[in-house]
Amino acid sequence: MADKIPVAKAKRKPVKGAVKRAVKTAVQKAKQSPNTVTSNRLEMLVTVVGRNKAEYYEDLILSFDVNMQTTALASGTANEKMLSLLGLSDSEKAVIFSIIQEDKIPKAVRILDEKFKTIKGGNGIAFTIPLTSVIGKLIFGFLSNNRLTVQEENK
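Keep in mind it's a predicted model, so treat the numbers as computed, not measured. (Residues numbered from 1 in each chain as written. Predicted model: local features only at pLDDT ≥ 70, side-chain atom pairs only at ≥ 80, totals over all residues. Heavy atoms only, no water.)

**Student:** Honestly, helix α4 (residues 105-118) in this entry has me stumped. Any pointers?
**Tutor:** Given 3.6 residues per helical turn, the α-helix brings residues three or four places apart onto the same face. Under the 1.5 Å per step criterion, the end-to-end length of α4 is 20 Å for 14 residues, consistent within 8% with the ideal 20 Å. Residues of α4 that are buried in the fold lie against β1 (42-50), α2 (54-62), β3 (92-101) and β4 (124-130). (Helix = DSSP H or I, 4+ residues; strand = E, 2+ residues; numbered from the N terminus. Expected span 1.5 Å × (residues − 1). Contact = heavy atoms within 4.5 Å.)

**Student:** So what exactly am I meant to see when it comes to the nonpolar core here?
**Tutor:** Burial of nonpolar side chains together is a common tendency in soluble globular proteins. By size, the foremost hydrophobic cluster in this structure holds 16 residues, and its most contacted members are Val 49, Tyr 57, Ile 61, Ile 100 and Leu 112. Beyond its immediate stretch of four places on either side in the chain, Val 49 contacts Ala 54, Tyr 57, Lys 93, Ala 94, Ile 96, Phe 116, Asn 123 and Gly 124. (Core = buried A, V, L, I, M, F, W, Y, C linked by side-chain atoms within 4.5 Å. Buried < 20%, exposed > 50% of the residue type's maximum accessible area, 1.4 Å probe, protein only.)

**Student:** What should I look at first to understand unusual backbone geometry in this one?
**Tutor:** Negative phi characterises most residues that are not glycine, and trans characterises most peptide bonds. The phi torsion at Asp 65 lies on the positive side, around 60 degrees, for a residue other than glycine. Tracing the backbone shows Asp 65 in the loop between α2 and β2 (68-75). You can call Asp 65 partly exposed: its relative accessible area is 35%.

**Student:** Honestly, the sheet that holds β4 in this entry has me stumped. Any pointers?
**Tutor:** Across a sheet, paired strands are connected by hydrogen bonds in the backbone, their directions being either parallel or antiparallel. Spatially, β2-β3-β1-β4 is the arrangement adopted by the four strands of the open sheet, whose pairing is antiparallel. This sheet does not close on itself; its edge strands, each paired only once, are β2 and β4. Adjacent strand axes in the sheet meet at a mean angle of 20 degrees, parallel and antiparallel pairs treated alike. In terms of strand pairing, β2 meets β3 through eight bridges, oriented antiparallel. Counterpart to Thr 70 in the pairing with β3 is Phe 97. This element, α2, spans β1, β2 and β3 of the sheet and lies at about 5 degrees to β3. (Pairing = 2+ DSSP bridges. Axes fitted to C-alpha atoms, helices over the stretch in contact; angles between N-to-C directions.)

**Student:** Looking at this model, I keep getting lost on the pairing of β3. Mind explaining?
**Tutor:** Consecutive side chains along a regular strand alternate between the two faces of the sheet. Buried residues dominate β3, accounting for seven of its 10 residues. Sheet topology note: the β1/β3 ladder contains nine bridges and is antiparallel. Counterpart to Leu 42 in the pairing with β3 is Gln 101.

Quick look at the structure:
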């Protein structure tokens, strides 16, 4: 009996090593592929800008792999006296709602802040709201701009 135990252990070690190598290879491939589903969370980026600059900011935000975005027209709440006191003339605003991946938020907010400061009449504010859940793999794939996930489901 004692002779059989070392033989059984010797057979398991190469199998264990092969499994470890296979897992390690799969993890490395997943890290290299840009279209794999990750645990990256989604957030809603809300950007409030003047209506005359809304189209510019919509295009800018789309450059951060945003796959869904909608714009609502809005009006500022300050009265004419307050606007003239602050040196503002236009109270017509646009609110852009965009779904963006969590890891792209720092760069997006940094560039938006830079544009708010440098573009004439391009003032605005931006903030994010975390999404706690999304129903379905296809919807998550669409919102996170992960085309590979959406294509695999359709096959």
